[in-house]
Amino acid sequence: MEYRRMGKTGLQLSALSLGSWVTFGKQVDDKISDELMGIAYDNGINFFDNAEVYSRSESEKMMGRILKKKNWNRSSYLVSSKVFFGWHGPENKPNEKGLSRKHIVEACHEALERFQLSYLDLYYCHRPDKNTPMEEIVRTMNTLIQQGKILYWGTSEWSGAEIVEAHLIARQLGLEPPAMEQPQYNLFERYKMEVDYYTIFRNLGMGTTIWSPLASGLLSGKYNNGIPADSRMGLEGFSWLRDKTLNEDRIERVKKLSVLAQELETTPACLSIAWCLKNPNVTSAILGASKPQQLNDNFKSLELLPKLTVDVMEQIETIMQTKPAHPEY
Ligand code: NDP
């Protein structure tokens, strides 16, 4: 496993990490998630990602049970949660979501209870909240750090401008700025990582734990010939994701990418994950897996990394045609 320094912090994250969205508490039971976390840990993954909203809090409880059972040294792994969406779904009361001091503090306490842990390593604001002043958010996260309940705070899917605002307020008030972002990043979604955060990486030095490196599985090539029954896009209640993710044009590109992967004696999944890791601004790519075999296969992306030469990267660009336009700096 390769370990990368998270932005300007002293924290080392495994280049690959494991998340629980859709899977824990929905697709997989305790037995499979225990197996997945075991495979991850044994292969050097040190970061497990979670959120209050995943499976309406069942995902945190499941991960907590497994961590307790595994009894690994607390110093050997990092665990995260994210606050914003609440966990009651449509029944959320007004203060049971968002980034007010009340919800951030209560969600943190609840996450600690569900995980059966005394602190979270990473704690994210899962989305920006236009209804809470930035100073309230920064002060609250700083307080949780001071109290030892979280070690680093970060953002997820915030705009570059919002991240800069948080940094400026933190600097002005002598508080902890956000240390990491969690954006989507894959061969189809590149704007934030490659354009919006460009100056942030250069001037503020944030780490990133990127999500959906396979665009929810699309880049594994599993949808090249239809939707397998046991896949994420085949799940009941996920038509919104299917509509957003799958279309003919995208599938055609993945088919071409699959041919290139075959020429390189790898899989489209490994090629797509390795492509994410090639970006030096990626601290960790969070993998998802509903089956142990997927995780075992995807680890091979690390071996592929040195084979992503300039020529191979150009071939990928030619196939995908997704490079975002850069403004002139
Ligand atoms: P991916 O894009 O890598 O999708 C993972 C899914 O793809 C798996 O669950 C599996 O789904 C399928 N898959 C993975 N490997 C293979 C393979 N080799 N062959 C075939 N199918 C494969 O990542 P996720 O979308 O799961 O995101 C990863 C993590 O990122 C999440 O768990 C979560 O922690 C985080 N996240 C954060 C968000 C945020 O807003 N901050 C939003 C979304 C995710 P299946 O078998 O069911 O088809």
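Before reading further, recall that the structure is shown in the block above.
Computed from a predicted model, the values in this text were never measured in an experiment.

Rules used in this analysis
Residue positions are given per chain, counting from 1 as you read along its sequence in written order. For a predicted model such as this one, the threshold for reporting local features is a pLDDT of at least 70, and the threshold for listing and counting side-chain atom pairs is 80 or more; totals across whole chains, interfaces and linings nevertheless cover every residue. As a convention, hydrogens and water are excluded, and side-chain values are obtained from all of the structure's heavy atoms. Near, as used in this document, describes a residue that has one of its heavy atoms within 4 Å of the molecule or strand being considered. The definition of a polar contact used here is a pair of N or O atoms within 3.5 Å, where within protein one atom must be able to donate a hydrogen and the other to accept one, and adjacent residues in sequence count solely through side-chain atom pairs. Accessibility throughout is a Shrake-Rupley quantity obtained with a 1.4 Å probe, and a residue counts as covered only by protein chains that appear here. Under the scheme applied here, ten amino acids are nonpolar (Ala, Val, Leu, Ile, Met, Phe, Trp, Tyr, Cys and Pro), four are charged (Asp, Glu, Lys and Arg), and all others, including Gly, are polar. Each axis is a line fitted through C-alpha atoms, and for a helix only the stretch in contact is used; angles between axes span 0 to 180 degrees, taken between their N-to-C directions. We count a stretch as a helix when DSSP gives it H or I for four or more residues in a row; a strand needs E for two or more, and each element gets its number in order from the N terminus. An angle below 35 degrees is treated as roughly parallel, one above 145 as roughly antiparallel, one from 65 to 115 as roughly perpendicular, and anything else as oblique. Left-handed describes a crossing whose near helix is turned anticlockwise from the far helix through less than a right angle; right-handed describes the clockwise counterpart. Should any heavy atoms of two residues lie within 4.5 Å, those residues are considered in contact. Salt bridges, as used here, are contacts in which a Lys or Arg side-chain nitrogen is within 4 Å of a carboxyl oxygen on Asp or Glu. Remark: exposure states derive from per-residue accessible area (1.4 Å probe, protein chains only) relative to the maximum for the residue type, with buried under 20%, exposed over 50%, and partly exposed in between. By this rule the span expected of a helix is its residue count minus one, scaled by 1.5 Å. Taking the helix axis as origin, the arc is that swept by the directions to the C-beta atoms. Here, the term nonpolar core denotes a set of buried Ala, Val, Leu, Ile, Met, Phe, Trp, Tyr and Cys residues that are joined through side-chain atoms within 4.5 Å. Paired rings are identified among Phe, Tyr and Trp, the last through its six-membered ring, by centres lying within 6.5 Å, and are further divided according to the angle between planes into stacked (under 30 degrees), edge-to-face (over 60) and tilted (the rest). We call a charge positioned above a ring when the Lys NZ or Arg CZ atom is no farther than 6 Å from the ring centre and deviates by at most 35 degrees from the ring normal.

Peer 1: Can you walk me through the site of the ligand in this structure?
Peer 2: Taken together, 33 residues are adjacent to the ligand, and Asp 49, Ser 212, Lys 222, Arg 232 and Ser 290 come closest. At 3.0 Å, a side-chain N or O of Arg 127 approaches an oxygen atom of the ligand. If the ligand stood free it would expose 910 Å²; the protein chains cover 95% of that surface. Residues belonging to the shell around the ligand are distributed by class as follows: eleven nonpolar, 16 polar and six charged.

Peer 1: Explain the packing of helix α1 (residues 30-42) against helix α2 (residues 58-70) here, please?
Peer 2: Two quantities define a packed helix pair, namely the angle between the helix axes and the distance between the axes. Closest axis-to-axis distance for the α1/α2 pair is 10 Å, and the angle between their directions is 60°. As the angle between them shows, α1 and α2 are arranged oblique. The interaxial crossing formed by α1 with α2 has right-handed handedness. Contacts between α1 and α2 pair Asp 30, Ser 33, Asp 34, Met 37 and Gly 38 from the former with Met 62, Met 63, Arg 65, Ile 66, Leu 67, Lys 69 and Lys 70 from the latter. Looking at side-chain class alone, the contact of α1 with α2 contains five nonpolar, two polar and five charged residues.

Peer 1: Quick question: what am I supposed to make of the pattern of salt bridges here?
Peer 2: Opposite charge on two side chains permits them to pair, given that their charged atoms come into close proximity. Applying the stated criterion to the full structure yields 21 salt bridges. A salt bridge links Glu 91 to Arg 56, with the shortest nitrogen-to-oxygen separation between them at 3.4 Å. Within this pair, whereas Glu 91 is found in the loop between β5 (78-83) and α3 (101-115), its partner Arg 56 is found in the loop between β4 (47-49) and α2, the two being separated by 35 residues in sequence. The partner of Asp 297 in a salt bridge is Lys 300, and the shortest N-O contact between them spans 3.7 Å. The class for Asp 297 is partly exposed, based on a relative accessible area of 28%. Residue classification places Lys 300 among the partly exposed positions, given a relative accessible area of 45%. In this structure, a network of salt bridges that share partners links the residues Asp 34, Lys 69 and Lys 70.

Peer 1: Sorry if this is basic, but what is going on with helix α9 (residues 248-263) here?
Peer 2: An α-helix turns once every 3.6 residues. As a result, residues three or four positions apart point the same way. Helix length check: α9, at 16 residues, gives a terminal C-alpha distance of 23 Å against a target of 22 Å (1.5 Å per residue), a fit within 8%. What α9 keeps buried is the set Arg 250, Ile 251, Arg 253, Val 254, Leu 257, Ser 258, Leu 260 and Ala 261. Within α9, the buried residues cover an arc of 165° as seen down the axis, which keeps them to one side. The outward face of α9, more than 90 degrees from its buried face, is lined by the exposed residues Glu 248, Lys 256, Gln 262 and Glu 263. Residues of α9 that are buried sit in contact with α8 (239-245), α10 (268-278) and α13 (310-320). At the N-terminal boundary of α9, the capping side chain belongs to Asn 247, with an oxygen 3.2 Å from the backbone nitrogen of Asp 249. One or two residues past the end of α9 sits Glu 265, with phi positive at roughly 60°.

Peer 1: What is the right way to read the nonpolar core from this model?
Peer 2: Nonpolar side chains in soluble globular proteins tend to be buried together. Membership of the largest hydrophobic core comes to 93 residues, with the highest contact counts inside it found for Phe 48, Tyr 123, Trp 153 and Ile 316. A per-element tally of this core places α10 first, with eight residues. Counting residues in hydrophobic clusters, the runner-up holds ten residues, among them Leu 13, Leu 122, Tyr 124 and Met 180.

Peer 1: Teacher, can you tell me more about the packing of aromatic side chains here?
Peer 2: The tally for this structure, following the rule as stated, stands at eight aromatic pairs. Centre to centre, the rings of Tyr 41 and Trp 72 are 3.8 Å apart; their planes meet at 5°, and the pair counts as stacked. Of this pair, Tyr 41 sits in helix α1 while Trp 72 sits in the loop between α2 and β5, placing them 31 residues apart in sequence. By the ring-pair criterion, three or more aromatic residues cluster together here, those being Tyr 41, Phe 48, Trp 72 and Tyr 77. In this structure, Arg 74 is placed above the aromatic ring of Tyr 119, and the distance from its NZ or CZ to the ring centre is 4.1 Å.

Peer 1: Just to check I follow, could you spell out unusual backbone geometry for this structure?
Peer 2: Glycine aside, residues mostly have negative phi, and peptide bonds are mostly found in the trans state. With a phi angle near 70°, Val 22 is a residue other than glycine that sits in the positive phi range. Considering the arrangement of structural elements, one finds Val 22 in the loop between β3 (16-19) and α1. If you check the backbone angles, Arg 56 has positive phi at about 50° while not being a glycine. Residue Arg 56 is classed as partly exposed on the basis of its relative accessible area of 40%.

Peer 1: Quick question: what am I supposed to make of the side chain of Glu 60 here?
Peer 2: When you line up the elements, Glu 60 lands in helix α2. Residue Glu 60 is classed as buried on the basis of its relative accessible area of 0%. Apart from residues lying up to four places away in sequence, Glu 60 is in contact with Asn 50, Ala 51, Glu 52, Ser 81, Ala 111, Arg 114 and Phe 115.

Everything listed here is a matter of geometry and, on its own, says nothing about what the molecule does.
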